[in-house]
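Report on the structure
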Amino acid sequence: MLLRLAYLGVSNAFAMLRLLPMTDRDKDAEILALRHQITVLERQLGKDKVRFTPSDRAYLAALLHRLPLHVLRRLRLLVRPDTVLRWHRSLVARRHAAACRPKRPGRPRTVRSIRVLVLRLAKENPSWGYRRLHGELLVLGVKVGASTVWEILKEAGIAPAPERTSSTWATFLRAQADALLACDFMETVTLSGVRMYVLVVIEHGSRRIRVLGATAHPSASWVAQAAKNLVMDLEDLGRRSRFMIRDRDGKFPDLFDAVLKDARIDVVLSGIQRTGSARQGLGGLDGRSAGTEPSTVRGRCLNRGVRP
């Protein structure tokens, strides 16, 4: 179409140059001849219509659109003047549509400053979800949709779900399992009727249970020596434990905590629990959190580690 339109423009420009030396009388005669030829063509076509190509329509619309409507009505044309004006409106509409068409399909990309602000808020407030971030943006006067905030966080590799950084106690234990120890005393009665106290320690990372010793009289010196033996065993194995969780039993002296503190192991006291709780495990921890049931721990330790 563009090639055809260019050809029509050039050929008619030369035709206009040909009209310059012609007198008004000659031009009037040519105009009358052209009008008569149009009349003959309309008579031969009858009810049929003349088919114009898109380039012909564009050329006629560009040539005649500046003429007033009353002047167009006096011209001898193969189409009505309103048709010529409709062609021109269509030509202008297509031109503006092509100029306003976006370079990339779909919704326009979010402004970079808004993206930077969303990522900054998400970084400085890791507990906020996309809904909270969307509300804060509205407070700041930034009009953006919640789905847009979701897409920005998703493209940046940040989970957009609310409370994405919150963790439960079980999640914390799994993340810090290698650094956690828990200890407790277990009681058993031998065949001779002597009550024995067994000091056991569980490593949360490997779920390995260490029996530090058994005695009928857990004195302060005995418990402190058991702590020293535990520290030496951990150093020999290269274990880097940071926390020892124990209950508030009076059998643990202050020297026990001091020995662990010298080894850079902090003692954490568990909460006060009801006596005889069915699910109370090592160090006052929940048995399932420790990795095994209390009854299983007691059975394996006492049946295999303590002899009557």
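Anyway, here's the lowdown on the structure attached to this text.

What to know about the overall build of the chain
The helix and strand inventory of the chain stands at 13 helices and five strands. A buried classification covers 30% of the 308 residues belonging to the chain. Look at the contacts in the chain between residues 6 or more apart in sequence, and 52% of them connect residues 24 or more apart. With an accessible surface of roughly 21,500 Å², the chain has 54% of that area assigned to carbon and sulfur atoms.

Considering the nonpolar core
Counting 18 residues, the largest nonpolar core has Cys183, Phe185, Val201, Met244, Phe252, Phe256 and Leu260 as its most contacted members. For this core, the elements supplying multiple residues, two or more each, are strand S1 (180-189), strand S2 (195-203), helix H10 (220-237) and helix H11 (254-262). A per-element tally of this core places H10 first, with six residues. Excluding residues that lie within four positions of it along the chain, leucine 260 makes contacts with Val231, Met244, Ile265 and Val267. Grouped together as the second largest cluster of nonpolar side chains are 14 residues, Val118, Leu121, Leu137 and Leu153 included.

A few points about the pattern of salt bridges
Summed over all chains, the structure comprises eight salt bridges. A salt bridge links arginine 132 to glutamate 136, with the nearest nitrogen and oxygen atoms 3.2 Å apart. Residue arginine 132 and its partner glutamate 136 are located together in helix H7 (residues 130-139), separated by four residues, close to a single helical turn. Residue classification places arginine 132 among the partly exposed residues on the basis of a relative accessible area of 43%.

Thoughts on the sheet that holds strand S4 (residues 243-246)
Judged by pairing direction, the sheet is mixed, and its five strands sit side by side in the order S3-S2-S1-S4-S5 without closing on themselves. Across the chains shown, the open sheet's two edge strands, defined by having one partner strand only, are strand S3 (208-215) and strand S5 (266-269). Ignoring strand direction, the axes of neighbouring strands in this sheet form an average angle of 25°. Direction of pairing for S1 relative to S4: parallel, over a ladder of three bridges. Considered in S4, the bridge of leucine 180 is made with phenylalanine 243. This element, H10, spans S1, S2, S3 and S4 of the sheet and lies at about 150° to S3.

So, the pairing of S5
Pairing of S4 with S5, which is carried by four bridges, proceeds in the parallel orientation. Bridging across to S5, isoleucine 245 finds its partner in valine 268. In this region the chain leaves S4, passes through H11 and returns to the parallel neighbour S5; the handedness of that crossover is right-handed.

The rules behind the values
- Residues numbered from 1 in each chain as written.
- Predicted model: local features only at pLDDT ≥ 70, side-chain atom pairs only at ≥ 80, totals over all residues.
- Heavy atoms only, no water.
- Helix = DSSP H or I, 4+ residues; strand = E, 2+ residues; numbered from the N terminus.
- Buried < 20%, exposed > 50% of the residue type's maximum accessible area, 1.4 Å probe, protein only.
- Contact = heavy atoms within 4.5 Å.
- Areas by Shrake-Rupley, 256 points an atom, 1.4 Å probe, with all protein chains shown as cover.
- Core = buried A, V, L, I, M, F, W, Y, C linked by side-chain atoms within 4.5 Å.
- Salt bridge = Lys/Arg side-chain N within 4 Å of Asp/Glu carboxyl O.
- Pairing = 2+ DSSP bridges.
- Axes fitted to C-alpha atoms, helices over the stretch in contact; angles between N-to-C directions.
- Right-handed = clockwise from strand over helix to strand, strands pointing away.

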